[in-house]
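# Per-entry structural report
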Amino acid sequence: MPGLSAHAAADLTYDFEDGTAQGWGPRGDGVTVTATADAARTGTGGLLVGGRTATWHGASIPAPFARGVGYDVTAYARLVSGQPAATIAMTVQRTPTGGSTTYERVAAATVTDGGWVRLSGSYLFTAESADVQLYVESSDATGRYHLDDIVISPQGDPTREPITSDFEDGTAQDWASRAAATLEPGTTAHAGTRGLTVTGRSASWDGPALNVLGRMGKGDKYALSVWVRLGPETPAGRLGLSIERRSGGTPSYERIVTPKEVPAGEWVQLSGTYTLAYDVEFLSLYVESDTGTFPFHLDDFTMRWIEPKPVQTDIPRVRDAVPFTMGSAFTRPDTLGVHGELLARHFGSLTPGNELKWDATEPREGEFTFTDGDYLVDFATSHGMQVRGHTLAWHSQTPAWVFAGASKEVLLQRLETHVRTLVTRYKGRIAAWDVVNEVVDENQPDGLRRSPWYEITGLDFIRTAFRVAREADPDAKLFINDYNTEFPRKREALYDLVERLKAEGVPIDGVGHQLHLNIEHPPASAVEATIERFATLGVDQQVTELDVSVYTDFVSSYDTIPAELLVRQGHRYKELFDVFRRQADRLGSVTVWGESDDVSWLRTWPIPRLNAPLLFDDDLQAKPAYWGVVDPSRLAPLVRRLEAPAGTIKVDGRRDLEWDLLPDAPIARVGNVSAGFQARSSAAGLYVLAEVTDPTADQADRVTFTVDGTARSVGRGDRGVTRTATGYRVEALVGKGTDVDVTVRDRGTAISWTGQVTAVPAIRLTSAVRRAAPVLDGVVDRAWGAAPEIRTATWIQGSSGATAKVRSLWSGSTLYVLAQVADPVLSEEPANAWEQDSVEIFVDPGNGKTKGYEDDDGQYRVSFTGRVTVGGTFDAGGVRDKVRAAARAVPGGYVVEAAITLPTITLAEGTLLGFDVQVNDAVGAARTSAVTWNDATGRGYLDTGHWGVLRLSG
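So, how was this worked out
Residues numbered from 1 in each chain as written. Predicted model: local features only at pLDDT ≥ 70, side-chain atom pairs only at ≥ 80, totals over all residues. Heavy atoms only, no water. Helix = DSSP H or I, 4+ residues; strand = E, 2+ residues; numbered from the N terminus. Rg over C-alpha atoms; globule rule 2.2 N^0.38 Å. Contact = heavy atoms within 4.5 Å. Lys, Arg positive; Asp, Glu negative; His and termini not counted. Charge placed at Lys NZ, Arg CZ, Asp CG, Glu CD. Buried < 20%, exposed > 50% of the residue type's maximum accessible area, 1.4 Å probe, protein only. Pairing = 2+ DSSP bridges. Phe/Tyr/Trp six-rings, centres within 6.5 Å; stacked < 30°, edge-to-face > 60°. Polar contact = N/O pair within 3.5 Å; in protein donor to acceptor, adjacent residues only side chain to side chain. Axes fitted to C-alpha atoms, helices over the stretch in contact; angles between N-to-C directions. Core = buried A, V, L, I, M, F, W, Y, C linked by side-chain atoms within 4.5 Å. Salt bridge = Lys/Arg side-chain N within 4 Å of Asp/Glu carboxyl O. Expected span 1.5 Å × (residues − 1). Parallel < 35°, antiparallel > 145°, perpendicular 65-115°, else oblique. Left-handed = near helix turned anticlockwise from the far one by under 90°. Nonpolar A, V, L, I, M, F, W, Y, C, P; charged D, E, K, R; others polar. pLDDT = per-residue confidence, 0-100.

## Comments concerning the overall build of the chain
- A count of helical and extended segments in the chain gives 11 helices and 54 strands.
- For the chain, whose C-alpha radius of gyration is 33 Å, the value lies close to the compact-globule estimate of 30 Å for 954 residues.
- Dimensions of the chain, computed from the C-alpha atoms along their principal axes, are close to 110 × 65 × 60 Å.
- The long-range fraction of contacts in the chain, counting pairs at least 24 apart against all pairs at least 6 apart in sequence, stands at 72%.
- Of the charged side chains in the chain, 93 are positive and 124 negative; the average position of the first set lies 5 Å away from that of the second.

This is the structure in structure tokens:
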């Protein structure tokens, strides 16, 4: 295939050494274009052109030129032995917009069969044109000839020149249809007076495309942006930006911007970056939809080369700063230029992100492809790095054919063939394999994901995958890999599975903890608890996919990430690597899922948004996250923030119920000392609590609370301090203030929390009584009379409207909620469920008060007609089938009864649930007000941190 030569990044060189025609094809009926060693000028390959019956017949290649760029073109030609002398010419055919097809001579020479003759010329075109192609013709209509060593060299470097399309000249400016779509310049514009209108699309992928062959350099990174808008009478649609590339005639498609929602009547920017990682003979950008063929508008396209910053060489290597192997996930573009330099400098282990997955290695049964896998493994081993293989069996990115019509025996045979082929190929070169990936679902009774693998084979696919992998490479370490292992329910489900399989003799060497975390949650102590838990199984452990999102939910988005968040992220990495260093004897490696922010998967998942989850920024420069790992003393001080709800505490060292309404804010562990902290505001001052974990008592043990510069120190042996199973508890009343420091000392160790404390209203607390289950029919049973009543009165939209009286019961593992809504005018006209007249019930079984939902947290919405919708983590998969409800209209409003099953905890007297209720009020086609019981933030659908508390009583 054509390569990009060293002397000019955009040179196209066709040397035919790979035995293919490298994109050149026949021009004219009956013409043959064949790569053969008999036609070689240099090396072992050249082109033989035959079967011609007209002078214009010959070999051609589409669109090797970009408008506005000058090129030098050279080629070598020789006639086949016995052919009479002839003029061989290189010609360009193109059709200018609105004009007739033109034919422009580039180079010509008299050629014989006695030796190779050089053809040389230059070419430039400036008018927008379609059907641009370069072809070679001969004055002898039937003559056969050889071609070799064709080079198309841009004059200057077009790979550094920006491309813009504003359509202000009334043309399509080189954009062309991919299939049947019609492109017409029009007056619907994002800026200026003109844009491009796209209609008549035949498929979701059909639409406007721009040839960028020769305008992107291999290994270079480009910023791309285009504005799009839906066509008329299109109420909704999603549009994205993609690229098609072809190498050796094989097309590949890559997403630059995942299709995103384009609201009707609005212009939406699609922006992203792309690095060309392959030699190509075709390269085209295009706008597509995820579904449908609706019309749309396009305007203000730009493509800009991003000048790379040099990799910093005056900072420590990450791999040298940690006592375990430090790894990174990577893809082919990451091996090029400064990205490749960064990988080689800082990491000792690499994990191919996608190139060893099933869809990449065996897209069709028995047809294995290892081009990218081999390339990445070669890169790692040539740089002295270990390789982690990811992944052999997974429910995702597995082609449909694997499961199609498969019996258990057939599926296990397909699995065995696949595993044996991959592991054998890389035997001795891949040190560890993620043999099975994400097989646990803690929301299932047995803790196992109901994937096609499991539905067809049960646990035998896991047993088979490990057995075959061990047989194929006895020296490779074999891992079971999963996410959310830092959460207790997932942790225990995976623990039980590994314990069971190891007891059977399944050769599981280790457990991989993915650790896709965020800057708030979960605490580092949860990660440490997981590592300590699995240590009891005697297995190796590795952190396999670490990143730290700057977002705590799946909806928010920043245009620019605040510097404060990046500092917080740096301290978060510091806390995590403190854990990893303490657990280094149990932890073989830590792998971050990507080397730098610009290549992170979190730029497109769960929604397209700016994210910065890794150690190096978009320019590959060290950021606070890097210093949190390598040298935390370089971090800016962290100023934390904590709310102090109004409350009154009896200061006696006993933990009041009031403290249990919130979780303790953690104070990071040093050695064996850690602590949690809370505060309550009152007219008398700040009530403060410190729960200290310190197993060894010492006279010097103490906690010092400093508020606005005034310190209060309490020793472990002082009055009012209570001994606990793991240390001691301190309660105190200190002065009013906002700047707070809490320092816990243990001999030479000191840990602290420093930040700003803000007084907020008290957390509302109510109770649910234990009674027999009521009938869900919208009729208020007598049993509800025993339940305390609460009322929604916290307005988050408007200041008047529908409200509700709410009561709660519980029975077995189910919470029952009654809402009697006062709302004389009812409407389901609004398009969105949350804008219609409805009641939303928020339940957090663990009362975690987190910024973001855990997978058993739920938002259960019941409309006045009884229609149920559910919100939660991802697609609310852990809770969406846990609710039943009924609604009934009554004079002046409606009644909702709901039953919410809570299987992730054991309901008992004294259990505390995070809880809130919201009433949405619609008039006509719009929501006009919304009111809650406790949460005043309006963000209850995103995080659980400001819900009230429901206490179960007998």
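Read on for the rest.
## Re the pairing of strand 4 (residues 46-50)
- Of all five residues that make up strand 4, four are buried, and the element is covered over most of its length.
- Two strands pair when backbone bridges link them, and strand 3 (residues 32-36) and strand 4 are joined in this way by five bridges, in the antiparallel orientation. Its bridge partner lying in strand 4, Thr34 is registered against Leu48.

## Remarks on the packing of aromatic side chains
- Under the defined criterion, the tally for this structure stands at 29 aromatic pairs.
- With a centroid separation of 5.2 Å and 85° between ring planes, the pair formed by Trp175 and Phe301 is classed as edge-to-face. One end of the pair, Trp175, is in strand 13 (residues 175-177); the other, Phe301, is in strand 22 (residues 296-305), and 126 residues separate them in sequence.
- According to the relative accessible area criterion, Phe301 is buried, its value standing at 1%.
- Ring geometry for Phe554 against Phe874: centres 5.0 Å apart, planes inclined by 40°, an arrangement best described as tilted. Residue Phe554 is found in the loop between strand 30 (540-549) and helix 9 (563-582), and its partner Phe874 is found in the loop between strand 49 (868-871) and strand 50 (883-890); the two are separated by 320 residues along the sequence.
- Here a set of aromatic residues connected by ring pairs shows up, and it is made of Trp358, Trp401, Phe403, Trp453 and Phe461.

## Overview of the side chain of Thr335
- Within the secondary structure, Thr335 is located in the loop between strand 23 (325-330) and helix 1 (337-346).
- A polar side-chain atom of Thr335 sits 2.7 Å from the main-chain carbonyl oxygen of Arg332.
- In contact with Thr335, not counting residues within four places along its chain, are Phe330, Gly340, Tyr375, Leu376 and Phe379.

## A closer look at the sheet that holds strand 10 (residues 129-138)
- The sheet built from five strands is open, its strands ordered 2-5-10-7-8 with antiparallel pairing. The sheet is open, and its two borders are formed by strand 2 (25-27) and strand 8 (102-111), each paired with just one other strand. Along the sheet, successive strands turn relative to each other by an average axial angle of 25°, direction set aside.
- Sheet analysis places strand 7 (residues 86-96) next to strand 8, joined by nine bridges and oriented antiparallel. Within strand 8, the position partnered with Met90 by the bridge is Ala107.

## A word on the side chain of Thr743
- Its location among the elements puts Thr743 in strand 40 (residues 739-746).
- The buried category is assigned to Thr743, whose relative accessible area is 9%.
- A polar atom in the side chain of Thr743 sits 2.6 Å from the side chain of Asp741.
- Beyond its immediate chain neighbours, meaning those up to four positions away, Thr743 contacts Arg702, Val703, Thr704, Ala750, Ile751 and Ser752.

## What about the nonpolar core?
- The biggest cluster of nonpolar side chains holds 99 residues, and the ones touching the most others in it are Met326, Trp433, Val436, Ile480, Leu546, Phe577 and Phe580.
- No other element matches the seven residues that helix 6 (residues 460-472) contributes to this core.
- Aside from chain neighbours lying at most four places away, what touches Phe580 is Phe324, Leu515, Val527, Ile531, Val543, Leu546, Leu587 and Val590.

## A short note on the pairing of strand 49
- Across four bridges, the pairing between strand 48 (residues 858-863) and strand 49 is antiparallel. Among the inter-strand pairings, Arg861 is bridged to a residue of strand 49, identified as Thr869.
- Here strand 48 folds back onto strand 49 in antiparallel fashion, the turn holding four residues, of which Gly866 has a positive phi close to 95°.

## Looking at the pattern of salt bridges
- Scanning all chains against the criterion turns up 61 salt bridges.
- Between Arg238 and Glu261 there is a salt bridge, with the nearest N and O atoms lying 3.4 Å from each other. Taken together, the positions of Arg238 in strand 18 (residues 238-247) and Glu261 in strand 19 (residues 250-261) put the pair 23 residues apart, joining distant regions of the chain.
- The class for Glu261 is partly exposed, based on a relative accessible area of 42%.
- Between Arg568 and Glu520 there is a salt bridge, and its shortest N-O distance comes to 2.0 Å. One end of the pair, Arg568, is in helix 9; the other, Glu520, is in the loop between strand 29 (516-518) and helix 8 (524-535), with 48 residues separating them in the sequence.
- Overall, Glu520 belongs to the partly exposed group, its relative accessible area being 31%.
- Here the salt bridges share partners, and the residues they tie into one network are Lys408, Asp460, Arg463, Arg500 and Glu504.

## Let's talk about the sheet that holds strand 21 (residues 282-289)
- Reading across the sheet, the five strands line up as 13-16-21-18-19 and stay open at both edges, with antiparallel pairing between neighbours. Looking at strand neighbours, the two that pair on one side only are strand 13 and strand 19, the edges of this open sheet. Direction aside, the axes of adjacent strands within the sheet are offset by 25° on average.
- The pairing of strand 16 (residues 208-211) with strand 21 spans three bridges and is antiparallel. Following the sheet pairing, Ala209 is matched in strand 21 by Tyr286.

## Some remarks on helix 7 (residues 488-504)
- Look at helix 7: 24 Å from first C-alpha to last across 17 residues, which is about the 24 Å you get at 1.5 Å a residue.
- For helix 7, the complete set of buried residues consists of Lys490, Arg491, Ala493, Leu494, Tyr495, Leu497, Val498 and Leu501.
- Phi turns positive, to about 95°, at Gly505, one or two residues after helix 7.

## As for the packing of helix 4 (residues 408-425) against helix 6
- Relative orientation of the contacting elements helix 4 and helix 6 amounts to 30°, with a least axis distance of 9 Å. The angle between helix 4 and helix 6 falls in the class roughly parallel. Crossing of helix 4 against helix 6: the hand is right-handed. Residues Lys408, Leu412, Leu415, Glu416, Val419, Arg420, Val423 and Thr424 of helix 4 form the contact with helix 6, whose own contacting residues are Asp460, Phe461, Thr464, Ala465, Arg467, Val468, Ala469, Glu471 and Ala472.
- Partitioned by chemical class, the residues of the contact of helix 4 with helix 6 number nine nonpolar, two polar and six charged.

## Describing the environment of Leu635
- Examined against the element boundaries, Leu635 turns out to sit in the loop between helix 10 (624-630) and strand 32 (640-645).
- Sequence separation between Leu635 and Val567 is 68 residues; the distance between their C-alpha atoms is 7.0 Å.
- Once you skip the residues sitting within four places of it in the chain, Leu635 turns out to touch Gly570, His571, Lys574, Pro624, Trp627 and Gly628.

## Details of the confidence of the model for the chain
- Here the chain shows a mean pLDDT of 94. Residues at 70 or above account for 99%.
- With pLDDT under 50 throughout, residues 1-9 is counted as low confidence; its partners more than four residues away or in other chains account for 29 contacts.

## Description of unusual backbone geometry
- For the peptide bond that leads from His390 to Thr391, omega is 0°, which places it in the cis range.
- Mapping Thr391 onto the fold places it in strand 25 (residues 386-394).
- Residue Pro606 is bonded to the preceding Trp605 through a cis peptide linkage, with omega at 0°.
- With respect to the secondary-structure elements, Pro606 resides in the loop between strand 31 (589-592) and helix 10.
- Even without a glycine there, the phi angle at Phe167 is positive, about 60°.
- As for its placement among the helices and strands, Phe167 is situated in the loop between strand 12 (163-165) and strand 13.
- Classification of Phe167 as buried rests on a relative accessible area of 0%.
- Not every positive phi belongs to a glycine, and Leu620 is a case in point at roughly 65°.
- If you trace the backbone, Leu620 turns up in the loop between strand 31 and helix 10.

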